[in-house]
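# Per-entry structural report
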Amino acid sequence: MLSSDLYGELRPWAFAIAYRMLGSVSEAEDVVQEAFLRLHQALQRDEQITSPRAYVATLVTRLAIDQLRSARARRERYVGEWLPEPLVGEQSPAERAETADSLSLAFLVLLESLSPRQRAAFLLREVFDYSYSEVAEIIGTDVDSTRHLVARARASIRERRPRYYASRRQRDELARRFFAAVEEGDLSALEALLARDVALHGDGGGKVPAPARPVHGRERVAKLLLIAMSTVARGGGVRLDVTEVNGQPGAMVFDAHDRLVAVLGLDIAEGQVQAIHSIVNPDKLRHIDRVGDLVALVRAGRRPRAAEPLAKPTAASPSNDPTNGSRS
């Protein structure tokens, strides 16, 4: 039988592998559940499992590879840009040291460029510190092929994302200033925090307004952010809750009824915001909190306001002043 202690020990670690493989909370949960079901069935058949941890790692990885292969076709038909489902909330110091930047939205997006087996080999070796022989056994190949998979994946990742280092304090301070500028509508302050070639990525899934393609450039991104915030604020008011998103600075955006309408994640390097990831697809937010109607907020915010009634002229008003009339 699978004890609750063993399940409690292995589940967070199994989810960590599955989520990094798939970039989806719901799909990762399904993979983990299936893996533990198979482990339970194997134990009931009295199969000899010397290492439940290795057994679960193999199941989770192989199930995730299969899931990723079928998901690729769906993601190619996805409306707009596809972004991972966010994980919200602060990590413990141990989790933060363990995950480093392997959980960030920017990193997960980069992993999408790898084949499913490259992704599995790279994550198991570079993030979870498995040996090449262990990785080869898990993904069902030989050691030389595994080394080749990891090398190609590593080169692809390094080419597209140079490693930058910033202290947690520096990131948090810059994020605080960023969200303050957004809330206050301070364009110049916001532009000063953005890298010249900053990119804004948005995922609405075709269900709510979002850029169809990444928006690049300091001025364009800053103006678009402030226009978007101003629009939804006019539509009924919004509130920003600054928090961690996938281990990086970010915020949750709530409407006036405390319903979640967006999650924003920041990629910070060299003292500036390099990328912003905005997830507004409601299907990718339901695992976090109650979801609001962003479409209604935007529609209300774009609606022209009713004209103010004209004030009635008074005796002291210019319109009743005979000296202010035009000459006939």
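Look up: the structure comes first, before these words.
Worth saying up front: this structure is predicted, and the values here are computed from it rather than measured.

About the criteria used
Residues numbered from 1 in each chain as written. Predicted model: local features only at pLDDT ≥ 70, side-chain atom pairs only at ≥ 80, totals over all residues. Heavy atoms only, no water. Helix = DSSP H or I, 4+ residues; strand = E, 2+ residues; numbered from the N terminus. Buried < 20%, exposed > 50% of the residue type's maximum accessible area, 1.4 Å probe, protein only. Contact = heavy atoms within 4.5 Å. Areas by Shrake-Rupley, 256 points an atom, 1.4 Å probe, with all protein chains shown as cover. Pairing = 2+ DSSP bridges. Axes fitted to C-alpha atoms, helices over the stretch in contact; angles between N-to-C directions. Expected span 1.5 Å × (residues − 1). Bend = angle between axes of the 7 residues up to and from the residue. 1 Å grid on protein atoms, 1.4 Å probe; cavity = no way out; pocket = protein on both sides within 12 Å on 5 of 7 lines; lining within 4 Å. Points joined across faces, edges and corners; volume = space filled by probe spheres on them. Nonpolar A, V, L, I, M, F, W, Y, C, P; charged D, E, K, R; others polar. Left-handed = near helix turned anticlockwise from the far one by under 90°. Core = buried A, V, L, I, M, F, W, Y, C linked by side-chain atoms within 4.5 Å. Salt bridge = Lys/Arg side-chain N within 4 Å of Asp/Glu carboxyl O.

### As for the overall build of the protein chain
- Broken down by element type, the protein chain carries twelve helices and six strands.
- Out of the 328 residues in the protein chain, the part that is buried amounts to 46%.
- Across the protein chain, the fraction of contacts at a sequence separation of at least 24, relative to all contacts at a separation of at least 6, is 65%.
- Taken as a whole, the protein chain presents about 17,600 Å² of accessible surface, with 49% of it coming from carbon and sulfur.

### Examining the sheet that holds strand β6 (residues 272-279)
- Spatial ordering of the open sheet is given by β2-β1-β6-β5-β4-β3, a layout of six strands whose pairing is mixed. Edge positions in the open sheet fall to β2 (215-216) and β3 (238-245), since each of these has one partner strand only.
- Contacting β1 (194-203), β2, β3 and β6, helix α11 (residues 218-234) runs over the sheet at an angle of about 45° to β1.

### With respect to the environment of Gln118
- Tracing the backbone through its elements, the reader meets Gln118 in helix α6 (residues 116-127).
- A sequence separation of 34 residues divides Gln118 from Arg152, and the C-alpha atoms of the two residues are 7.7 Å apart.
- Those residues in contact with Gln118 that lie beyond four places of it in its chain are Leu149, Arg152 and Ala153.

### Remarks on the pairing of strand β4 (residues 248-255)
- Most of β4 sits inside the fold, with eight of its eight residues counted as buried.
- Two strands pair when backbone bridges link them, and β3 and β4 are joined in this way by eight bridges, in the antiparallel orientation. Looking at β4, one finds that Val242 is bridged to Ala251.
- Counting the residues that bridge the hairpin from β3 to β4 gives two residues, and of these Asn246 lies at a positive phi of roughly 50°.
- Inspection of the sheet shows β4 paired to strand β5 (residues 260-269) by five bridges, in the antiparallel sense. From the neighbouring strand, Val253 faces β5, where its bridge partner is Ala262.

### What to know about helix α1 (residues 4-22)
- The end-to-end C-alpha distance of α1, which contains 19 residues, comes to 26 Å, matching closely the 27 Å that a straight helix rising 1.5 Å per residue would cover.
- When the local axis directions of α1 are compared, the greatest deviation, roughly 30°, occurs at Leu10, which is followed within four positions by the proline Pro12.
- Within α1 the residues assigned to the buried category are Leu10, Trp13, Ala14, Phe15, Ala16, Ile17, Ala18, Tyr19, Arg20, Met21 and Leu22.
- Backbone geometry just after α1 places Gly23 at a positive phi near 65°.

### A few points about the layout of surface pockets
- Considering only enclosed or pocket space, the second largest pocket measures out at about 510 Å³ in volume.
- Those elements that place two or more of their residues in the lining of the second largest pocket are β1, α11, β5 and α12 (294-302).
- With seven residues, the top contributor of residues to the lining of the second largest pocket is α11.
- Considered class by class, the residues forming the lining of the second largest pocket number 17 nonpolar, four polar and one charged.

### As for the packing of helix α2 (residues 25-44) against helix α3 (residues 52-76)
- Closest axis-to-axis distance for the α2/α3 pair is 9 Å, and the angle between their directions is 140°. Here α2 and α3 pass one another in a crossing that is right-handed. Contacts between α2 and α3 involve Glu27, Val31, Glu34, Ala35, Phe36, Arg38, Leu39 and Ala42 from the first element and Tyr55, Val56, Leu59, Val60, Leu63, Ala64, Gln67, Arg74 and Arg75 from the second.
- By residue class, the composition of the contact of α2 with α3 is eleven nonpolar, one polar and five charged.

### Overview of the nonpolar core
- One finds Trp13, Met21, Val56, Val60, Leu111, Tyr130 and Ile139 to be the most contacted residues of the largest nonpolar core, which totals 48 residues.
- When residues of this core are traced back to their parent elements, those giving at least two are α1, α2, α3, α5 (105-111), α6, α7 (132-139) and α8 (143-160).
- Top element by residues in this core is α1. It accounts for ten residues.
- Contact partners of Val60, with chain neighbours within four places excluded, come to Ala14, Ile17, Ala18, Val31 and Ala35.
- One finds Ala175, Leu226, Leu266 and Ile268 within the second-largest nonpolar core, a separate group that totals 34 residues.

### What about the pattern of salt bridges?
- A complete count under the given rule lists 18 salt bridges for this structure.
- Close ionic contact of Glu27 with Arg75 constitutes a salt bridge, the shortest N to O distance being 3.6 Å. Of the two residues, Glu27 is situated in helix α2 and Arg75 in helix α3; the sequence distance between them amounts to 48 residues. Neither residue differs from the other here; Glu27 and Arg75 are each classed as buried.
- The partner of Arg168 in a salt bridge is Glu244, and the shortest N-O contact between them spans 2.4 Å. With Arg168 in helix α9 (residues 168-184) and Glu244 in strand β3, the pair connects residues that are 76 residues apart, well separated along the chain.
- Owing to a relative accessible area of 28%, Arg168 belongs among the partly exposed residues under this scheme.
- Overall, the relative accessible area of 4% leaves Glu244 in the buried class.
- A single network of salt bridges, built from pairs that share partners, joins Glu27, Arg74, Arg75, Glu112 and Arg119.

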